[in-house]
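An overview of the molecular structure
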Amino acid sequence: MAASSNSSLSGSSISSDAEDYQPPIWKSYLYQLQQEAPRPKRIICPQEVENRPKYYGREFHGMISREQADELLGGAEGAYLIRESQRQPGSYTLALRFGYQTLNYRLFYDGKHFVGEKRFESIHDLVTDGFITLYIETKASEYIAKMTTNPIYEHVGYASLLREKVSRRTSKTKHDSKKALLVRVESNSVEKITSLVRRAALKENENHFNYEKAHNFKVHTFKGPHWCEYCANFMWGLIAQGVRCSDCGLNVHKQCSKFVPNDCQPDLKRIKKVYCCDLTTLVKAHNTQRPMVVDMCIREIEERGLKSEGLYRVSGFTEHIEDVKMGFDRDGDKADIGADTYADINIIASALKLYFRDLPIPLITYDAYSKFIEAAKLINPDSRLEAIHEALLLLPPAHYETLRYLVTHLKKVTMYEKDNFMSSENLGIVFGPTLMRPPDQNTLATLNDMRYQKLIVQLLIENEDVLF
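Residues numbered from 1 in each chain as written. Predicted model: local features only at pLDDT ≥ 70, side-chain atom pairs only at ≥ 80, totals over all residues. Heavy atoms only, no water.

1. Details of the sheet that holds strand β11 (residues 251–252)
Strand order in the open sheet made by the 3 strands is β9-β10-β11, with antiparallel pairing throughout. On the outer flanks of this sheet lie β9 (217–220) and β11, each paired with one strand and no other. With 4 bridges joining them, β9 and strand β10 (residues 242–245) adopt antiparallel strand pairing. Looking at β10, one finds that Lys 218 is bridged to Arg 244. (Pairing = 2+ DSSP bridges. Helix = DSSP H or I, 4+ residues; strand = E, 2+ residues; numbered from the N terminus.)

Written out as structure tokens, the structure is:
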């Protein structure tokens with residue numbers, strides 16, 4: 001991506017005409033500073049040093065003092081060497097010249113070189129990245145501190161105008177909302193698929209289920225120049241320049257990630273499977289109210305299995321259950337779970353239970369778990385129901401909706417108790433530990449809580465019309 005001119009430092013103006021609107025120009029100031037940062041100059045030891053660690057090169061000078069290192073560096077900006085500490089033999093120090101002084105850093109190696117959080121394949125890369133960081137933080141500390149105060153992400157008029165533009169384009173061309181938007185940077189046009197654009201387009205979709213979801217940011221190394229999609233500033237450094245949301249692909253500075261709203265719109269291309277995937281992530285990626293596993297399995301069970309004896313208590317064959325799981329992971333809502341493929345309804349019921357057991361965050365979440373257990377321990381029936389109702393309100397919207405749908409189904413199962421022998425108490429025994437797990441995963445706590453887990457599910461079924 002081409003860097004913008006200096007005039008972009010304050011951001012570009014926004015046109016009042018949505019058709020002519022272009023996103024703000026990416027800011028080039030920090031990119032220019034990175035280009036100006038001192039270049040590393042390795043000070044080579046003229047003689048071979050005994051006992052030199054195999055992971056260091058000729059920049060290692062053995063056991064010398066700080067004063068000797070300072071003299072060898074010769075006051076040349078960007079010069080660096082490695083020495084063994086005289087005070088602590090066996091530990092190593094990186095000495096480098098920056099800002100007309102010698103800086104010393106304790107140096108470590110565990111297969112990669114590091115002085116802080118970042119880990120590097122070579123000393124040269126570590127020093128290069130260090131000089132970039134030192135230079136930028138020295139020259140632009142005040143600028144960096146204010147980067148998040150005027151973000152393009154929540155720029156005045158930015159989101160609404162962008163949504164209008166995307167909406168017009170999608171309605172005229174009927175292109176998929178994930179297709180690229182051409183972002184103009186100076187006179188060059190580059191194709192850039194941004195999560196900002198995808199999110200704006202999805203918000204215009206009237207069938208979009210607007211569950212709130214936090215971004216799943218992870219430290220990321222970007223190849224080539226990258227700009228932050230929150231503040232529009234350059235992400236500096238050689239590695240780990242920022243963070244990327246592993247669900248939607250949003251790229252931002254680590255410090256900017258703290259200010260990004262909980263508006264992640266997961267990209268299906270990034271969701272590798274259905275089982276073991278976070279529930280909210282899955283439904284937002286597929287733009288559905290509930291996980292398709294839940295809808296499809298319950299639909300199949302209600303069509304042909306409500307009178308099946310021991311429904312949900314009797315398990316299907318493990319191999320067939322795994323086949324259903326693999327089918328959903330591979331084919332999503334196109335998975336075939338019909339009677340011709342799986343005649344035994346217990347396979348489908350077991351696959352549904354497995355889905356809930358495999359959730360990384362249980363349907364009744366860790367955050368709400370203690371409130372449900374406390375509610376189950378109350379003696380007064382009215383107080384207990386009131387406490388359960390309050391605990392339900394703590395669930396994330398997608399979890400609440402899925403639980404509501406499941407409990408409505410289980411209520412229907414109990415209506416056929418004469419045939420299937422599954423009362424609300426029996427279903428509570430089956431689904432209690434499936435839908436809720438203690439946060440600490442303590443075996444003793446789990447055993448102690450089992451009767452309360454059973455009671456919670458039982459009460460949810462019996463009072464479904466009141467609680468939801």
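Next comes the rest of the write-up.
2. Observations concerning the pairing of β10
In terms of strand pairing, β10 meets β11 through 2 bridges, oriented antiparallel. Bridge pairing in β11 links Val 243 to Val 252. With antiparallel pairing between neighbouring strands as the criterion, β10 and β11 make up a hairpin whose turn holds 5 residues, including Gly 249 at a positive phi of roughly 90°.

3. Brief notes about the pattern of salt bridges
Applying the stated rule across the entire model yields 18 salt bridges. With a closest N to O distance of 3.3 Å, Asp 129 and Lys 118 form a salt bridge. With Asp 129 in helix α3 (residues 123–139) and Lys 118 in the loop between β6 (113–114) and α3, this pair connects stretches of sequence that are 11 residues apart. A relative accessible area of 4% places Asp 129 in the buried class. One salt bridge in this structure joins Glu 425 and Lys 454, with 3.7 Å as the shortest N-O distance. A residue pair is termed long-range when its members are at least 10 positions apart, and Glu 425 in helix α15 (residues 424–435) and Lys 454 in helix α16 (residues 443–462) qualify at 29 residues. Judged by its relative accessible area of 39%, Glu 425 falls in the partly exposed class. Residues participating in the shared-partner salt-bridge network are Arg 290, Asp 295, Glu 401 and Arg 404. (Salt bridge = Lys/Arg side-chain N within 4 Å of Asp/Glu carboxyl O. Buried < 20%, exposed > 50% of the residue type's maximum accessible area, 1.4 Å probe, protein only.)

4. Observations regarding the nonpolar core
If you look at the biggest cluster of nonpolar residues, it comprises 69 residues, and the most contacted ones within it are Tyr 312, Phe 328, Tyr 355 and Phe 372. Apart from residues no more than four positions distant in its own chain, Tyr 312 is found in contact with Ile 301, Ala 349, Leu 352, Lys 353, His 409, Leu 410, Val 413, Leu 427, Val 430 and Phe 431. One finds Ala 37, Leu 94, Met 147 and Cys 264 within the second-largest nonpolar core, a separate group that totals 46 residues. (Core = buried A, V, L, I, M, F, W, Y, C linked by side-chain atoms within 4.5 Å. Contact = heavy atoms within 4.5 Å.)

5. Let's talk about the packing of helix α1 (residues 29–36) against α3
The geometry of α1 relative to α3 is characterised by a closest axis approach of 9 Å and an angle of 130° between their N-to-C directions. What the angle tells us is that α1 and α3 run oblique. Note that α1 runs across α3; the crossing there is right-handed. Across the interface between the two elements, Tyr 29, Leu 30, Leu 33, Gln 34 and Glu 36 from α1 touch Ile 132, Tyr 135, Ile 136 and Lys 139 from α3. Split by residue class, the contact of α1 with α3 holds 6 nonpolar, 1 polar and 2 charged. (Axes fitted to C-alpha atoms, helices over the stretch in contact; angles between N-to-C directions. Parallel < 35°, antiparallel > 145°, perpendicular 65-115°, else oblique. Left-handed = near helix turned anticlockwise from the far one by under 90°. Nonpolar A, V, L, I, M, F, W, Y, C, P; charged D, E, K, R; others polar.)

6. Comments concerning α15
For α15, the set of buried residues is Ser 424, Leu 427, Gly 428, Val 430, Phe 431, Gly 432, Thr 434 and Leu 435. Its buried side turned inward, α15 meets α10 (345–358), α13 (397–414) and α16.

7. A closer look at the packing of aromatic side chains
Per the stated rule, a full pass over the model turns up 16 aromatic pairs. Taking the centre distance of 5.6 Å and the plane angle of 90° together, the rings of Tyr 275 and Tyr 355 count as edge-to-face. Here Tyr 275, found in the loop between β11 and α7 (279–286), pairs with Tyr 355, found in helix α10; they are 80 residues apart in sequence, far enough to count as distant. Relative accessible area serves as the criterion here: at 0%, Tyr 275 is assigned to the buried category. A relative accessible area of 0% places Tyr 355 in the buried class. The positively charged end of Arg 119 is found above the aromatic ring belonging to Phe 114, 3.8 Å away from the centroid. Sitting over the face of the ring of Tyr 405, Arg 290 holds its NZ or CZ atom 3.8 Å from the ring centroid. (Phe/Tyr/Trp six-rings, centres within 6.5 Å; stacked < 30°, edge-to-face > 60°. Lys NZ or Arg CZ within 6 Å of the ring centre and 35° of its normal.)

8. Things to note about the environment of Val 252
Residue placement: Val 252 occurs in strand β11. Non-local contacts of Val 252, meaning those with residues more than four positions away in its chain, are made with Phe 217, Cys 228, Glu 229, Tyr 230, Met 235, Gly 242, Val 243, Ser 257 and Val 260.

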